[in-house]
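Structural features, examined
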Amino acid sequence: MAVSTSLSADEIVDRRRMKRRITFWRIAALLLLAAAIAAILWALGAFEGLRKQNSDHIARVNISGVITNDKPMLDLLEDLKEKDQVKAVILDISSPGGSTVGGEAIYEAVRALAEEKPVATSVGTLAASAGYMIASASDHIVARRSSIVGSIGVIFQYGQVSELLDKIGVEVNEIKSSPLKAEPSPFKPTSPEARAMIDRIVQDSYQWFVDLVADRRDFTPLKARQLADGSIFTGAQGLENGLIDEIGDEETAKAWLVAEKGLSEDLEIYTWKPERDGDFYPSNPAGKAASALRWLAVQLGLAAPAAPLQELYEVLPERLFLDGLVSMLQIDGAGALRR
């Protein structure tokens with residue numbers, strides 16, 4: 001027995017009405033979601049931030065924690081060169097240093113930025129090693145009296161576990177193309193030749209760092225060497241020996257920009273942040289919207305995927321991700337300095 005699948009005229013009309021209702025509620029839901037996102041951004045001050053970004057101001061760039069080869073930070077410094085509304089930049093530095101390569105890259109980016117507009121540094125807790133390297137790239141360095149500056153130098157560290165392996169009966173064998181390949185090795189005592197090789201690269205990077213400081217701070221080679229023995233100094237001591245220019249804070253740095261670079265006293269200081277995966281509050285409007293949606297998903301109990309490697313970085317110490325030579329002030333758990 002055949003079943004008729006034809007629809008009556010009334011049924012066709014009803015289906016069309018249903019489709020229109022569904023379309024209406026879909027549009028209404030999207031508009032409601034857009035309004036919710038706008039409300040969240042408004043509460044977070046996003047629109048106020050956009051207003052400030054689009055008016056003349058002084059940009060504040062925070063450089064804190066361990067210095068790494070930070071591509072988002074390099075992109076931000078490059079972008080600030082092109083922003084006409086950014087009349088000057090203040091680096092807010094609180095860093096013990098980190099990767100020598102990372103410090104060099106940011107130093108060069110700051111120097112390139114300083115060729116386009118004035119750059120000053122306000123040191124917070126400390127600007128040591130690669131942190132001081134970056135500060136020296138600016139036109140003027142301000143630090144509090146009790147801030148820490150200096151620790152000029154580089155270090156190469158490696159583990160040595162051959163005795164432990166002997167005790168547990170583990171033997172590591174290797175076949176390599178030449179004696180210095182993959183040296184120093186943690187699996188055997190370091191040879192004099194390997195030590196000499198590492199010393200050469202440390203001394204080469206060290207001399208580059210010393211010359212850089214001598215050039216930026218107008219030191220003689222002798223004075224630069226005397227200050228580059230790894231010592232740290234308070235801000236007051238740094239002022240005495242020429243490592244910084246003035247005791248003060250961010251407002252002191254702004255006052256210098258006004259007095260020496262002709263900036264208006266009315267300019268506000270606004271923070272610019274590099275765009276990073278997983279940031280809740282990125283700088284661009286599209287990123288803000290995506291972050292707001294992520295926040296909304298969390299509030300609704302929905303799964304929100306973490307940024308790649310975010311959990312790994314939260315669990316492991318940041319210094320484990322440093323590559324190459326390290327220019328960094330190090331303090332062990334008892335508070336003792338380690339060289």
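Residue numbers here run from 1 along each chain, matching the order of that chain's written sequence. Note on the predicted model: pLDDT of at least 70 is required for a residue's local features to be given, and 80 or more for side-chain atom pairs to be given and counted; whole-chain, interface and lining totals, by contrast, use all residues. Only heavy atoms go into the side-chain values, all of them from the structure, while hydrogens and water stay out.

Quick word on the overall build of the protein chain
- Secondary structure follows DSSP: runs of H or I at least 4 residues long count as helices, runs of E at least 2 residues long count as strands, and numbering of each begins at the N terminus. Within the protein chain one finds 12 helices and 11 strands.
- Buried means the residue's accessible area, taken with a 1.4 Å probe over protein chains only, is under 20% of the maximum for its type, while exposed means over 50%, and partly exposed covers the values in between. Across the 339 residues that make up the protein chain, the buried fraction comes to 40%.
- Throughout, the Shrake-Rupley method with a 1.4 Å probe supplies accessible areas, and for residues the shown protein chains are the sole cover considered. Within the structure as shown, the protein chain displays about 19700 Å² of accessible surface, and the carbon and sulfur contribution to it stands at 55%.

Concerning the pattern of salt bridges
- Salt bridges, as used here, are contacts in which a Lys or Arg side-chain nitrogen is within 4 Å of a carboxyl oxygen on Asp or Glu. According to the stated counting rule, one finds 9 salt bridges in the structure shown.
- The closest approach of N and O atoms between Glu 78 and Lys 81, which form a salt bridge, is 3.5 Å. With Glu 78 and Lys 81 both in helix α3 (residues 71-82) and 3 residues apart, the pair spans about one turn of that helix.
- In this structure Glu 78 comes out as partly exposed when scored by relative accessible area, which is 39%.
- A salt bridge links Glu 183 to Lys 188; the shortest N-O distance between them is 3.0 Å.
- Residue class for Glu 183 comes out buried when judged on its relative accessible area of 10%.
- Members of the salt-bridge network, linked through shared partners, are Glu 174, Lys 176, Glu 183 and Lys 188.

Focus on the environment of Val 86
- Within the element layout of this structure, Val 86 appears in strand β2 (residues 86-99).
- Distance in space between the C-alpha atoms of Val 86 and Asp 56 is 5.9 Å, their sequence separation being 30 residues.
- Residue contacts are counted whenever heavy atoms from the two residues lie within 4.5 Å of one another. With sequence-adjacent residues up to four places away left out, Val 86 is seen in contact with His 57, Ala 59, Leu 80, Lys 117 and Trp 272.

Observations concerning the pairing of β2
- Buried residues dominate β2, accounting for 11 of its 14 residues.
- Strands pair, by our definition, only if DSSP identifies at least two bridges between them. Across 10 bridges, the pairing between strand β1 (residues 57-67) and β2 is parallel. Across the sheet, the residue bridging to Ala 59 is Val 89, located in β2.
- Looking down the strands as they point away from the viewer, one classifies a crossover as right-handed if the path from the first strand across the helix to the second runs clockwise. Handedness of the β-α-β unit built from β1, α3 and β2 comes out right-handed.

Comments concerning a positive patch on the surface
- Taken together, the side chains of Arg 15, Arg 16, Lys 19, Arg 20 and Arg 21 define a basic patch exposed on the protein surface.
- Relative to the helices and strands, Lys 19 is located in helix α1 (residues 9-44).
- For Lys 19, a relative accessible area of 60% puts it in the exposed group. Patch definition: residues with relative accessible area over 30% and no salt bridge; like charges joined within 9 Å; nonpolar side chains (Val, Leu, Ile, Met, Phe, Trp, Tyr) joined within 5 Å. In this count, Lys and Arg are taken as positive residues and Asp and Glu as negative ones, while His and the chain termini are left out. Charged groups are reduced to one reference atom each: NZ for lysine, CZ for arginine, CG for aspartic acid, CD for glutamic acid.

Observations concerning a nonpolar patch on the surface
- Residues Val 161, Leu 164, Ile 168, Val 170, Val 172 and Phe 187 make up a contiguous nonpolar surface patch of roughly 510 Å² in combined accessible area.
- For Val 172, the position within the fold is in the loop between α6 (162-168) and α7 (192-217).
- According to the relative accessible area criterion, Val 172 is partly exposed, its value standing at 41%.

Section: the packing of helix α4 (residues 100-114) against α7
- Between α4 and α7, whose axes approach to 13 Å, the crossing angle comes to 25 degrees. Of the possible angle classes, the one that applies to α4 and α7 is roughly parallel. Between α4 and α7 lies a crossing whose hand is left-handed. When α4 is examined against α7, the residues Thr 100, Glu 104, Tyr 107 and Arg 111 are found in contact with a partner set consisting of Trp 208, Leu 212 and Arg 216.
- All amino acids are sorted into three groups, where Ala, Val, Leu, Ile, Met, Phe, Trp, Tyr, Cys and Pro are nonpolar, Asp, Glu, Lys and Arg are charged, and the leftover types, Gly among them, are polar. Its residues placed into classes, the contact of α4 with α7 shows 3 nonpolar, 1 polar and 3 charged. Geometry is summarised by axes, namely lines fitted to C-alpha atoms with helices restricted to the contacting stretch, and by angles between N-to-C directions that run from 0 to 180 degrees. Here the angle decides the label: under 35 degrees means roughly parallel, over 145 means roughly antiparallel, 65 to 115 means roughly perpendicular, and every other value means oblique. Two helices that cross are described as forming a left-handed crossing if the nearer one is turned anticlockwise from the farther one by less than a right angle, and a right-handed crossing if clockwise.

What to know about the confidence of the model for the protein chain
- Confidence along the protein chain averages 82 in pLDDT terms, with 75% of residues attaining 70 or more.
- Taken together, the stretch residues 305-315 has pLDDT below 50 and engages in 8 contacts with residues farther than four places along the chain or on a different chain.
- On a range of 0 to 100, pLDDT expresses the predictor's confidence in each residue. Every residue in residues 333-339 is under pLDDT 50, and counting partners more than four places away or in other chains gives 15 contacts.

Thoughts on the nonpolar core
- To form a nonpolar core, buried Ala, Val, Leu, Ile, Met, Phe, Trp, Tyr and Cys residues must be joined to one another through side-chain atoms within 4.5 Å. In this structure, Val 61, Ile 63, Leu 80, Val 89, Leu 91 and Ile 106 are the most contacted members of the largest nonpolar core, which totals 52 residues.
- Considering every element that reaches this core, the biggest residue donor is α7, with 9 residues.
- If we skip the residues at most four places from it in the chain, Val 89 touches Ile 58, Ala 59, Val 61, Leu 80, Leu 113, Pro 118, Val 119 and Ala 120.

So, a negative patch on the surface
- On the surface, a cluster of negative charge is made up of Asp 56, Asp 79, Glu 82, Asp 84, Glu 115, Glu 116 and Glu 275.
- Inspection of the secondary structure assignment puts Asp 79 in helix α3.
- Accessibility expressed as a relative area gives 41% for Asp 79, which makes it partly exposed.

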